[in-house]
Structure formats: structure tokens, C-alpha cells
Amino acid sequence: MAFNIDEKGNITLIQGDSGTLVINGINTDKNYKVYFAVQDKNRNPVGEEIEVSSNSFSSVIFEISGNYTDAFTVSKHEPYATYYYGIKVCDEENSKEDTLLIASNNLGDVNTITVYPKKVEGI
């Protein structure tokens, strides 16, 4: 199972699984740096930010590894855990940074990652 992403940009996955996240709608006037970051329920960062370059394309692809999502832990007493993610587009040339609103979200809305516990270890 890869990531399941709903129409509001919320992600559902199994801990330790890998997947792809495509972000569309980036300006094509220059090469932007685009960042993906995850926080836990207390707003603590989980894992390192993942960075990709837009290369003047309107879309970027984040390849998120199983090692990365393995850090999204689920308590043995809970059926799942909820994390939050954000995407930021940066123009280093002009020192501008913009956090994207995903799907139909408004300022202040959150994008969730619902994580179910792993069922098998694998590689």
C-alpha cells in the first residue's frame, strides 16, 4: 500500500511504508526550493525536512522512504497516530518563503498524516 491522499491533502499510511507526494501549482518563473516537514501533536519536528528543487516546473515530487516514515510511531495502546505536515516554497534569490495551503485548506487549517502501526518489518 502506498500513501492514500484524500481530496483535502490528508495522508494515510502504515508506519515504515514508502510513498510519493506530488505538489502542483508552483510558479515556473524560476527554480524554487520546496520543503516537506512533519510535526507531532506537540509541534515537535519529526525527522529532517525533505528538500527538492522545482527546476522551473509547476510540480515537484517528494519520494518519502520507509525509513523516514518509520519515525512516525504509534503507541501500542492506540489504533493510529496523527501527525501534521507542511510544504514551503522558498525563493533564495529574493529571500522569500511561502507556506503552501494544500488543496482547499484555508490559513490555519492543518494537513494531517494518519499513521497506522506497521504489520510486518520487511527489508
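Fair warning: this is a prediction, and the values are worked out from it, not measured in the lab.

Focus on the overall build of the chain
Part 1 of the reasoning: Helix and strand content of the chain: one helix and nine strands.
Part 2 of the reasoning: The order of α-helices and β-strands along the chain, N terminus first, is β-β-β-β-β-β-α-β-β-β.
Part 3 of the reasoning: A compact globule built from 123 residues would reach a C-alpha radius of gyration of about 14 Å, and the chain, at 15 Å, matches this within 12%.
Part 4 of the reasoning: C-alpha atoms of the chain, sized along the principal axes, occupy 45 × 35 × 25 Å.
Part 5 of the reasoning: Looking at the chain as a whole, 36% of its 123 residues are labelled buried.
Part 6 of the reasoning: Long-range pairs, those at least 24 residues apart, make up 66% of the contacts in the chain with a sequence separation of at least 6.
Part 7 of the reasoning: Here the chain has roughly 8,000 Å² of accessible surface; of this, 46% comes from carbon and sulfur atoms.
Part 8 of the reasoning: Of the side-chain charges in the chain, 10 are positive and 18 negative, and the distance between the mean point of each set is 5 Å.

Overview of the pattern of salt bridges
Part 1 of the reasoning: The full count for this structure, using the stated rule, is four salt bridges.
Part 2 of the reasoning: Of the charged contacts in the structure, one is a salt bridge between K30 and D91, with a shortest N-O distance of 3.0 Å. Of this pair, K30 sits in the loop between strand 3 (19-24) and strand 4 (33-39) while D91 sits in strand 7 (residues 81-91), placing them 61 residues apart in sequence. An identical accessibility class is assigned to K30 and D91; each is buried.
Part 3 of the reasoning: Put simply, D70 and K118 hold a salt bridge, and the shortest N to O gap is 2.5 Å. Taken as a pair, D70 in the loop between helix 1 (66-69) and strand 7 and K118 in the segment after strand 9 (111-116) lie far apart in primary sequence, 48 residues in all.

Some thoughts on the environment of E92
Part 1 of the reasoning: Inspection of the secondary structure puts E92 in the loop between strand 7 and strand 8 (96-99).
Part 2 of the reasoning: A relative accessible area of 54% means that E92 is categorised as exposed.
Part 3 of the reasoning: With 56 residues separating them in the primary sequence, E92 and F36 have C-alpha atoms 16 Å apart.
Part 4 of the reasoning: Non-local contacts of E92, meaning those with residues more than four positions away in its chain, are made with K33 and Y35.

Description of the nonpolar core
Part 1 of the reasoning: Counting 27 residues, the largest nonpolar core has F36, F62 and I113 as the members making the most contacts within it.
Part 2 of the reasoning: Counting only elements with at least two residues in this core, the list comes to strand 2 (11-14), strand 3, strand 4, strand 5 (50-53), strand 6 (59-64), strand 7 and strand 9.
Part 3 of the reasoning: Of all the elements, strand 7 adds the most residues to this core, at five residues.
Part 4 of the reasoning: Each residue touching F36, except ones within four places of it in the same chain, is listed here: L21, E48, E49, I50, F62, I64, Y68, Y85, G86, I87 and I113.

What counts as what
- Residues numbered from 1 in each chain as written.
- Predicted model: local features only at pLDDT ≥ 70, side-chain atom pairs only at ≥ 80, totals over all residues.
- Heavy atoms only, no water.
- Helix = DSSP H or I, 4+ residues; strand = E, 2+ residues; numbered from the N terminus.
- Rg over C-alpha atoms; globule rule 2.2 N^0.38 Å.
- Buried < 20%, exposed > 50% of the residue type's maximum accessible area, 1.4 Å probe, protein only.
- Contact = heavy atoms within 4.5 Å.
- Areas by Shrake-Rupley, 256 points an atom, 1.4 Å probe, with all protein chains shown as cover.
- Lys, Arg positive; Asp, Glu negative; His and termini not counted.
- Charge placed at Lys NZ, Arg CZ, Asp CG, Glu CD.
- Salt bridge = Lys/Arg side-chain N within 4 Å of Asp/Glu carboxyl O.
- Core = buried A, V, L, I, M, F, W, Y, C linked by side-chain atoms within 4.5 Å.

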